[in-house]
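# Inside the fold
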Amino acid sequence: MTQQTHEPGTPPTAPGPATAPTTPTAVGPAPAPAPATLGAPPVPPLAEPRPLAEPRVWPRTFHDRLTAPLPGLKALARFAREGAVRPGPEGLADIPRLPYEPAPLPRVDAGTLAVTWAGHASWIVQAGGLTVLTDPVWSRRILGTPARVTPVGVPWDDLPRVDAVVISHNHYDHLDAPTLRRLPRDTPVFVPAGLGRWFRRREFTCVTELDWWEGAELAGVRFDFVPAHHWSKRTLTDTCHSLWGGWVLTVPGGRRVYFAGDTGYGHWFSRIGRRYPGIDLALMPIGAYDPRWWLSDVHCDPEEAVQATLDLGARRMAPMHWATFVLSAEPVLEPLTRVRTAWEKAGLDRADLWDLPVGASRTLD
């Protein structure tokens, strides 16, 4: 098994220490595609789909995939000294104003693409005739954080039959065991490399593990696992023992949804857009970003999320990863106001910013 530390079809870079992703200097309109340069590698074709539930062998660690070093002793000491990981009273005062408008799920057919925000990184994606859950967290509380500040946008009993689940990584706010226990054990689950054993221990029978740039198909819908600027950890002894990333769902006819999972800003977005052109909708995290010295490598702020959407070449953006759990120090409404401002400054069509309330849906016919 060869680890894909670079994009397939491009020359690998020489090994070296991990470096932090670059930060955009300004948000602006998406640049026109650059003309092909003599000697530049062509965009490689997508990999052949892997078989569903294929047995795989993975390395013990994925530390070499980090795009920034994990915090060292000096950063941990500063974190312990400053300890600002929650907003003050003034930052929490707007909790009653957080947008929450639950409504019935839209009725769709196989040719319709619809998304419903259940909260945090949990979406109900209806695409290609399938109902897909992303990072489903229906629990009121997760380990290490206060209870959710908005209810789940869609009651579990109101969900249609779940045809598939995609998981971005194993952090508790994205991989929630109590929620997953509600699913039939034959539900197809698509997970990062190294995470399959977690599901198999819980008797899931159709678990497909993928490396970056790999894909698999279910009922004509393609699921591609793509890189992210993040990390993984669930216990004291499993740091980076499984991979992390986002997902590109492509339905028959070519429409695409990109689910970023959890990520900082960096070079992967433009590479994802190059390999998967024509993304119709990017589900992008905009919260849990303050303090920046602690979180910038692993969580986009709102301006970076807009820039990442431009880098992807995505036509629309739906913000997520805010208004659900209080995970960091920014005021609870700030992500929404900042992303709206960044979108306007970029000169983008306001109708293409799908800033949904928790529980709301949007349909692309």
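A brief report on the enclosed structure follows. (Residues numbered from 1 in each chain as written. Predicted model: local features only at pLDDT ≥ 70, side-chain atom pairs only at ≥ 80, totals over all residues. Heavy atoms only, no water.)

### Some points on the overall build of the protein
Just so we agree on the cut-off: Labels follow the DSSP assignment, with helices taken as runs of H or I lasting at least four residues and strands as runs of E lasting at least two, numbered in each case from the N terminus. The rule is simple: take the accessible area with a 1.4 Å probe, protein chains only, and divide by the maximum for that residue type; under 20% is buried, over 50% is exposed, in between is partly exposed. Any two residues whose heavy atoms approach within 4.5 Å at even a single point are treated as in contact. Computed with a 1.4 Å probe, the accessible areas rest on the Shrake-Rupley method; for each residue, only the protein chains presented here act as cover.
A count of helical and extended segments in the protein gives eight helices and 13 strands. Evaluated residue by residue, the protein yields a buried proportion of 55% over its 365 residues. Partitioning the intrachain contacts of the protein with sequence separation of at least 6 by distance along the chain shows that 71% fall at a separation of at least 24. Here the protein has roughly 15,900 Å² of accessible surface; of this, 57% comes from carbon and sulfur atoms.

### A short note on the packing of helix α5 (residues 268-275) against helix α7 (residues 302-312)
This is how the line gets drawn: Axes, fitted as lines to C-alpha atoms, cover a helix only where it is in contact. Angles between the N-to-C directions of the axes lie from 0 to 180 degrees. Angle categories: roughly parallel below 35 degrees, roughly antiparallel above 145, roughly perpendicular from 65 to 115, and oblique for all the rest. Note on convention: the crossing is left-handed when the near helix lies turned anticlockwise from the far helix by less than a right angle, right-handed when the turn is clockwise.
The contact between α5 and α7 brings their axes to 7 Å, and the two run at 30°. Judged by the inter-axis angle, α5 sits roughly parallel to α7. Two packed elements cross with a definite hand, and for α5 against α7 that hand is right-handed. Mapping the contact onto sequence places F269, S270, I272 and G273 in α5 and A308, D311 and L312 in α7.

### Quick word on the pattern of salt bridges
Keep this limit in mind: The salt bridge definition used is simple: a Lys or Arg side-chain nitrogen within 4 Å of an Asp or Glu carboxyl oxygen.
A complete count under the given rule lists 18 salt bridges for this structure. A salt bridge links R56 to E214, with the shortest nitrogen-to-oxygen separation between them at 3.1 Å. Of this pair, R56 sits in the segment before α1 (73-82) while E214 is found in strand β7 (residues 214-218), placing the two residues 158 residues apart along the sequence. For the pair R56 and E214, a shared accessibility class is recorded, and that class is buried. Salt-bridge contacts for R338 lead to E334; the nearest nitrogen and oxygen are separated by 3.2 Å.

### Let's talk about the sheet that holds strand β8 (residues 221-226)
Sheet strands associate in pairs through backbone hydrogen bonding, adopting either a parallel or an antiparallel arrangement. For the record, the criterion: For two strands to count as paired, DSSP must find a minimum of two bridges between them.
If you trace the six strands from one edge of the open sheet to the other, you get β7-β8-β9-β10-β11-β12, paired in mixed fashion. Edge strands, defined here as strands with exactly one partner in the open sheet, are β7 and β12 (317-320). Strand-to-strand twist in this sheet, taken as the mean axis angle between neighbours without regard to direction, amounts to 20°. In this structure, strand β11 (residues 281-285) lies alongside β12, joined through four bridges in parallel fashion. Along β12, the bridge assignment pairs L283 with A318.

### Concerning helix α8 (residues 334-345)
For clarity, the cut-off: By this rule the span expected of a helix is its residue count minus one, scaled by 1.5 Å. Note that the arc is computed from the directions linking the helix axis to the C-beta atoms.
Here α8 is 12 residues long and its end C-alpha atoms lie 16 Å apart, about the 16 Å a rise of 1.5 Å per residue gives. Along α8, the residues classified as buried are P335, L336, V339, A342 and W343. Along the axis of α8, the buried residues cluster in a sector spanning 135°; they form a single face. Opposite the packed face of α8, turned more than 90 degrees from it, sit the exposed residues E344 and K345.

### Description of the pairing of β11
Within β11, five of the five residues are buried, which leaves it mostly tucked inside the rest of the structure. Of the two faces of β11, the one carrying L281, L283 and P285 and the one carrying A282 and M284 are both buried. When strand β10 (residues 256-259) meets β11, the two strands line up parallel, connected through three bridges. Note on β11: the bridge partner recorded for F259 is L283.

### Here we look at the packing of aromatic side chains
This is how the line gets drawn: For Phe, Tyr and Trp, where Trp contributes only its six-membered ring, two rings pair if their centres lie within 6.5 Å, and the inter-plane angle classes them as stacked under 30 degrees, edge-to-face over 60, or tilted in between. Only when the NZ atom of a Lys or the CZ atom of an Arg is both within 6 Å of the ring centre and within 35 degrees of the ring normal do we say a charge sits over the ring.
Evaluated as defined, the whole model comprises 14 aromatic pairs. Each ring, one from W212 and one from W268, has its centre 5.3 Å from the other, and the planes form 65°; the classification is edge-to-face. Of this pair, W212 sits in the loop between β6 (207-210) and β7 while W268 sits in helix α5; the two residues are 56 residues apart in sequence, bridging distant segments of the chain. Both residues of the pair, W212 and W268, count as buried. When the centroid spacing of 5.8 Å and the interplanar angle of 25° are considered together, the rings of Y265 and F269 count as stacked. The exposure classification of Y265 matches that of F269, with both residues buried. Each member of the aromatic cluster is reached from another via a ring pair, and the members are W212, W213, W244, W268 and Y276. Between R78 and the ring centre of W293, over which it is positioned, the NZ or CZ distance is 4.0 Å. One residue, R234, lies across the ring of Y172, its end atom 4.0 Å from the ring centre.

### Quick notes on the sheet that holds strand β5 (residues 189-192)
Strand order in this open sheet of seven strands is β6-β5-β4-β3-β2-β1-β13, and the pairing throughout is mixed. A strand with exactly one partner marks an edge of an open sheet, and here the two such strands are β6 and β13 (361-364). Adjacent strand axes in the sheet meet at a mean angle of 20°, parallel and antiparallel pairs treated alike. Two strands pair when backbone bridges link them, and strand β2 (residues 122-127) and strand β3 (residues 130-134) are joined in this way by five bridges, in the antiparallel orientation. Pairing of Q126 across the sheet is with T131, part of β3.

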